[in-house]
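# Residue-level structure breakdown
Given next are the chains, with one letter for each unit.
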Amino acid sequence: MKVPLSSPDITGKEIDAVVEVLRTRFLSIGPKIVEFEKAISDFIGCKYAVGVNSGTSALHILIKYLSIQPGDEVITTPFSFIASSNCILFERGKPVFVDINPETMNIDEERIEKKITNKTKALLIVDIFGHPVDWDKINEISKKHNLPIIEDSCEALGSEYKGKRIGRYGIGSAFAFYPNKQITTGEGGMVVTDDENLAKFARSLRNQGRSETDDWLDHTQLGYNYRLDELSAALGLVQLGRIEEILNKRSSVALKYNNLINQIHGVEHLKIEKYVSRMSWFVYVVVLKEGINRNLVLEKLGKAGIQAKPYFPPIHLQPFYVKQFGYREGDFPITENISKRTIALPFFNNISDKEIEYVCEKLKEIIKG
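Note that the structure is a prediction, hence the values are computed from the model and not measured.

### Looking at the pattern of salt bridges
- Under the criterion given, the structure shown has 21 salt bridges.
- We note a salt bridge from K249 to E245, for which the minimum N-O separation is 3.2 Å. Here the residue K249 and the residue E245 both occupy positions in helix 8 (residues 243–261), the gap between them amounting to 4 residues, near one helical turn.
- On the basis of relative accessibility, which here comes to 24%, the residue K249 falls in the partly exposed class.
- Taking the relative accessible area as the measure of exposure, E245 reaches 37% and is therefore partly exposed.
- For the salt bridge of E299 with K303, the shortest nitrogen-to-oxygen distance reads 3.3 Å. Placement of both E299 and K303 in helix 9 (residues 294–303) is noted, with a separation of 4 residues, approximately one turn of the helix.
- Using a relative accessible area of 68% as the deciding quantity, one classes K303 as exposed.

Structural data, given as structure tokens:
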């Protein structure tokens, strides 16, 4: 049996919507992006949404909006996809890492204040794997030290913290729609905010720095080609219309995995904190007991036809970060320990019960052996 790590859930409705766009003259900067933005803002419960071509672009725009300058510090997590730190480097700021909570794998809220200096300009907070941080604690720190929050919600569309949807904290939030995400546009992302000035800024930057009144060859400020095309927006619009179905499917898959993982000695699944009123599963990550050779487990899963990945390697130990900042093993011991023991198992909407059972059977055999 071959089981992929992820697979998008595309129906005839999505295909029809994309074909419909191809029959129009609008392949970019048309009505579908406006519809998609309105649907996202309504879903999140915010005033504005601005579609862009990736979650990374969304994060970069949020960093630019805060006017991060060379040497400015932005506090964030070393356990994430690398874009959450790279976007700070785009503006020559410095990511200041805070080690994680081993239970949630999110930034440890209790360690943040020790890293705040007179150079700290913002908090960039990631809801890892779709699991929210404790936002009450983050907001308390933000208010106490007058630090704006950028919310990296790229993995958390649909998650809720104490009944409130993720994406409504801080100055703005970033979402991503890569094919392994909850919904996909192929490539794509979104800036969401209640700040009208930020929304206008994002629309300008994604469109080569044009203002709302500029002609096509006029450019008020430095900008980028971060636009989301009409085909992608049409795909996303249909996907978002199925969001409840999709989130329920993913929750069902996670529950089936949990029940089987509970029967495997030496393997634990992610525990959901009580403040999470709804978990939107991005990936399904398990943690191996200390002493189990994670890389050997991955190798044997691969030989069994099961695609699995280490989620996530520590950002501070990526070669570029080691070279640029001199990080070394031991700097963030909890992140490093968790990172050496985590595996993302195959996880997608339409994975079958037989595939889930096969993955868990093989994992149990490998661990036992």
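### A look at the sheet that holds strand 13 (residues 342–345)
- On the basis of which strands lie adjacent, the open sheet formed by 3 strands has the order 10-12-13 and antiparallel pairing. The open sheet has two free edges, formed respectively by strand 10 (267–269) and strand 13, since each of these has just one partner strand. Within the sheet, the average angular offset between the axes of one strand and its neighbour, ignoring direction, is 35 degrees.
- Relative to strand 12 (residues 284–288), strand 10 runs antiparallel, the two sharing 3 bridges. By the bridge assignment, V267 is partnered in strand 12 with L288.
- Here helix 8 sits on the sheet in contact with strand 10, strand 12 and strand 13, set at roughly 15 degrees to strand 12.

### Side note on the packing of aromatic side chains
- On inspection of all chains with the given rule, the structure shows 20 aromatic pairs.
- An angle of 55 degrees between the planes, with centres 5.5 Å apart, marks the rings of F36 and F177 as tilted. Remark: F177 occurs in the loop between strand 8 (172–176) and strand 9 (189–193) and F36 occurs in helix 2 (residues 31–44); sequence separation between them is 141 residues. Grouping residues by exposure puts F36 and F177 together as buried.
- Considering the side-chain rings of Y284 and F347, the 6.4 Å spacing of their centres and the 25 degrees angle between planes classify their relative orientation as stacked. On the criterion of sequence distance, the pair formed by Y284 in strand 12 and F347 in the loop between strand 13 and helix 12 (353–368) is long-range, its members being 63 residues apart. The pair Y284 / F347 is uniform in exposure class, with both members buried.
- Put simply, the rings of F97, F320, Y321, F325, Y327 and F332 touch in pairs and so form one group of aromatic residues.
- Positioned above the aromatic ring of Y169 is the side chain of K164, whose terminal nitrogen or guanidinium carbon lies 4.5 Å from the ring centre.
- Its end group placed over the ring of W216, R210 keeps NZ or CZ at 3.6 Å from the ring centre.

### Some thoughts on helix 8
- A rise of 1.5 Å per residue sets the reference length of helix 8, with its 19 residues, at 27 Å; its end C-alpha atoms lie 26 Å apart and thus fit the reference within 8%.
- For helix 8, every residue scored as buried is listed here: I243, I246, L247, R250, V253, A254, Y257, N258 and I261. The buried side chains of helix 8 occupy one side of the element, clustering within an arc of 140 degrees when seen end-on.

### Quick look at the nonpolar core
- Among the nonpolar cores identified, the biggest contains 91 residues, and F129, Y257 and L345 are the most heavily contacted of them.
- No other element matches the 7 residues that helix 12 contributes to this core.
- Aside from chain neighbours lying at most four places away, what touches F129 is F79, M105, E155, M279, S280, W281, F282, V283, V285, Y311 and F312.
- Counting 19 residues, the second largest nonpolar core, distinct from the first, contains I40, M190, V192 and L240.

Procedures and definitions
Residues numbered from 1 in each chain as written. Predicted model: local features only at pLDDT ≥ 70, side-chain atom pairs only at ≥ 80, totals over all residues. Heavy atoms only, no water. Salt bridge = Lys/Arg side-chain N within 4 Å of Asp/Glu carboxyl O. Helix = DSSP H or I, 4+ residues; strand = E, 2+ residues; numbered from the N terminus. Buried < 20%, exposed > 50% of the residue type's maximum accessible area, 1.4 Å probe, protein only. Pairing = 2+ DSSP bridges. Axes fitted to C-alpha atoms, helices over the stretch in contact; angles between N-to-C directions. Contact = heavy atoms within 4.5 Å. Phe/Tyr/Trp six-rings, centres within 6.5 Å; stacked < 30°, edge-to-face > 60°. Lys NZ or Arg CZ within 6 Å of the ring centre and 35° of its normal. Expected span 1.5 Å × (residues − 1). Arc of directions from axis to C-beta. Core = buried A, V, L, I, M, F, W, Y, C linked by side-chain atoms within 4.5 Å.

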